[in-house]
Amino acid sequence: MTKGNAFVLGATGQIGRAAVRALVADGWEVTAASRRGGRDEGWPAEVRTVRVDRGEDGALAAALGAGTDVLVDVVAFDAAHGRQLTGLADRIGSAVVISSAAVYEDEQGRNFDTQDEPDGFPRYPLPLPETWRTVAPGGLSYGTRKVALERELTGAGEKLPTTVLRAAAVYGPYCPGPRELWFVKRALDGRPVRILAEGGRSVFHPVSVENLAELIRLAAANPGTRVLNGADPEAPSVAGIGAMIDAAMGVTSETILFDGPPGKDWVGYTPWTTPHPMVLDMSAAERELGYRPVASYAEALPATIEFLAATVAEQDWREAFPGLVKYGVDFFDYAAEDAWLAAR
């Protein structure tokens, strides 16, 4: 006996692939929808696939047909997407939608959008609860668009019960902007040194796609309107992440730490670098859904490393991972690092 029908929008992305697997294992009949169609080799044969471009008029409604018991949307980004879902509420029993920890701001109004300003890095309470303040909804940035999305969905109430999951720094296979590559590629390149700014103490809470999939599974089985954080059971420092990746890859390297921001040519900068930690509070998910993580950071790393190693063996990292290119930094400028080391 199945739990019902589940429709996963964005199914062939990093989160969607894991979500489909978790829902099938939990007894749902799953339709995997994506713009390009296709399927993950790890999905069982009974997963139905459909090609859908939500931006085409009527395409999502046509794909839903008579409806679905739960819709999982991992690619919703703004108010328009929220209105699209609430407009189809008559054929959606409940929804689970991925948002982001980028929605939060501190008491001084500092947030992800102010980080390039002097003293623009936010100082969040630790751990950071879902009840904390967010940026204003809007359409000018990733965070403001996600808040606008959240408001549309939570405002629907019983019309469309929706669990919004504010994901931390997502990692896992098929990630378009894999932070872990900063360490993995150095190991693959035989680079013997890692230079870390901020004393290597930077903390930007990660979340495995497997743990996000577990949250999605639980929310699908327990419909309701709520906003929950999505993060791993631990929040390792960037130096700790480097040590775990080196251990998983069987390499030994020297880590050089220095206090303060990155140096000239961004030496010491990583995709986690921040002077103030961000750690999400997961107690609400534990309380409301009975959530327990299914993997620690160290346990989830091997699959991530395997994917990254295979990808960069075939493609230049800039082509393979556009999500890293958007930082505007050459993360592997070894000549700049060597010059910094020589000057030191």
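Preceding block: the structure.
Residues numbered from 1 in each chain as written. Predicted model: local features only at pLDDT ≥ 70, side-chain atom pairs only at ≥ 80, totals over all residues. Heavy atoms only, no water.

Draft legend 1. Structural context of the pattern of salt bridges. All told, the structure shown has 21 salt bridges when counted by the stated rule. Between K3 and D26 there is a salt bridge, with its nearest N and O atoms 2.8 Å apart. Of this pair, K3 sits in the segment before strand 1 (4-9) while D26 sits in the loop between helix 1 (14-25) and strand 2 (28-34), placing them 23 residues apart in sequence. On the basis of relative accessibility, which here comes to 43%, the residue K3 falls in the partly exposed class. (Salt bridge = Lys/Arg side-chain N within 4 Å of Asp/Glu carboxyl O. Helix = DSSP H or I, 4+ residues; strand = E, 2+ residues; numbered from the N terminus. Buried < 20%, exposed > 50% of the residue type's maximum accessible area, 1.4 Å probe, protein only.)

Draft legend 2. Here's a closer look at the nonpolar core. Counting 78 residues, the largest nonpolar core has V20 and F321 as its most contacted members. Sequence-distant contacts of V20, that is, excluding residues within four places in its chain, are made with V8, A11, V30, A32, W43 and V47. One finds A61, L71, A76 and A89 within the second-largest nonpolar core, a separate group that totals 23 residues. (Core = buried A, V, L, I, M, F, W, Y, C linked by side-chain atoms within 4.5 Å. Contact = heavy atoms within 4.5 Å.)

Draft legend 3. Inspection of the packing of helix 5 (residues 181-188) against helix 9 (residues 297-314) at higher detail. One can describe the packing of helix 5 onto helix 9 by two numbers: an axis separation of 10 Å at closest approach and a directional angle of 60 degrees. When the interaxial angle is binned, helix 5 and helix 9 end up oblique. Helix-helix and strand crossings are classified by hand; for helix 5 and helix 9 the assignment is right-handed. Across the interface between the two elements, L181, V184 and L188 from helix 5 touch I305, L308, A309 and V312 from helix 9. Among the residues making up the contact of helix 5 with helix 9, the classes are represented as 7 nonpolar, no polar and no charged. (Axes fitted to C-alpha atoms, helices over the stretch in contact; angles between N-to-C directions. Parallel < 35°, antiparallel > 145°, perpendicular 65-115°, else oblique. Left-handed = near helix turned anticlockwise from the far one by under 90°. Nonpolar A, V, L, I, M, F, W, Y, C, P; charged D, E, K, R; others polar.)

Draft legend 4. A look at the sheet that holds strand 4 (residues 68-73). The 7 strands are arranged 3-2-1-4-5-6-10 in an open sheet whose pairing can be described as parallel. Because the sheet does not close on itself, it has two edges, and the strands there are strand 3 (48-51) and strand 10 (226-230). Direction aside, neighbouring strands of the sheet carry axes that sit 20 degrees apart on average. Inspection of the sheet shows strand 2 paired to strand 3 by 4 bridges, in the parallel sense. Counted as the bridge partner of T31 is R48 from strand 3. Sheet strands touched by helix 1: strand 1, strand 2, strand 4 and strand 5 (92-100). Its angle to strand 2, the strand with the most contacts, is close to 165 degrees. (Pairing = 2+ DSSP bridges.)

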